[in-house]
Amino acid sequence: GDTFNRYIDLTNIGTLNGASPTLQLSVPAANALTTNSSTGLQISIAACSIAWVAGTCNETTTAVLASTPAATLVATAQSLNLPSNLAGSTNRLKISIALPAGNESVLNGVLPVGTVQGLTSAITWSFTVAERAAITSNS
């Protein structure tokens with residue numbers, strides 16, 4: 001049931017507006033943290049219209065990604081609901097990484113199959129924004 005929050009500013013530094021933002025995770029060595037959808041890591045993302053202060057948003061909050069298993073994000077890029085995809089815009093994000101509440105019973109000193117106890121994982125986060133659709137201007 002533990003949750004760790006990390007805060008990032010995701011900025012479109014390009015000169016074109018974006019569309020269809022996604023997130024995909026990659027891991028060099030998979031284990032139950034990133035392969036087990038029920039006992040592994042769960043990822044959720046929220047955005048704040050201003051900078052987060054001590055873990056609190058004092059303005060408007062937007063759900064960017066509902067709680068999603070890391071296993072899903074490793075397998076397939078997932079759509080994000082960013083507040084803005086405009087060129088030059090910054091999205092102030094809180095990334096929550098959680099272990100689901102539950103317990104694992106050790107029987108006679110033997111950990112259960114698929115345990116997450118003692119595991120670690122290096123994760124690479126890839127945020128992708130496609131170029132917006134082309135427009136035609138008739139003058």
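One can find the structure itself at the top, above this paragraph.
Keep in mind that this is a model prediction, so the values were computed, not measured.

Please provide a residue-by-residue account of the overall build of the protein chain, values included.
The secondary structure content of the protein chain amounts to two helices and seven strands. Starting at the N terminus and walking to the C terminus, you meet the elements of the protein chain as β-β-α-β-β-α-β-β-β. Against the globule reference of 14 Å for 139 residues, the protein chain gives a C-alpha radius of gyration of 18 Å, more extended than a compact globule. Projected onto its principal axes, the C-alpha positions of the protein chain cover 80 × 30 × 20 Å. Among the 139 residues that make up the protein chain, the fraction classed as buried is 29%. As presented, the protein chain carries roughly 8,400 Å² of accessible surface, and 53% of it is formed by carbon and sulfur atoms.

How would you explain the state of the cysteines if you had to name every residue and give the values?
According to the stated counting rule, one finds one disulfide in the structure shown. With a sulfur-sulfur separation of 2.0 Å, Cys-48 is cross-linked through a disulfide to Cys-57. Between Cys-48 and Cys-57, the disulfide has an S-S torsion of 80° and is therefore right-handed.

I'd love a proper account of the environment of Ile-45, names of residues and values included.
Looking at the element boundaries, Ile-45 is found in strand β3 (residues 42-48). We classify Ile-45 as buried; its relative accessible area is 3%. As a C-alpha pair, Ile-45 and Thr-124 span 79 residues in sequence and 16 Å in three-dimensional space. Look past the residues within four positions of Ile-45 in its chain and what remains in contact with it is Leu-23, Thr-62, Ala-63, Val-64, Leu-65, Leu-80, Leu-93, Lys-94, Ile-95 and Phe-127.

Rules and cut-offs
Residues numbered from 1 in each chain as written. Predicted model: local features only at pLDDT ≥ 70, side-chain atom pairs only at ≥ 80, totals over all residues. Heavy atoms only, no water. Helix = DSSP H or I, 4+ residues; strand = E, 2+ residues; numbered from the N terminus. Rg over C-alpha atoms; globule rule 2.2 N^0.38 Å. Buried < 20%, exposed > 50% of the residue type's maximum accessible area, 1.4 Å probe, protein only. Areas by Shrake-Rupley, 256 points an atom, 1.4 Å probe, with all protein chains shown as cover. Disulfide = S-S within 2.5 Å. Contact = heavy atoms within 4.5 Å.

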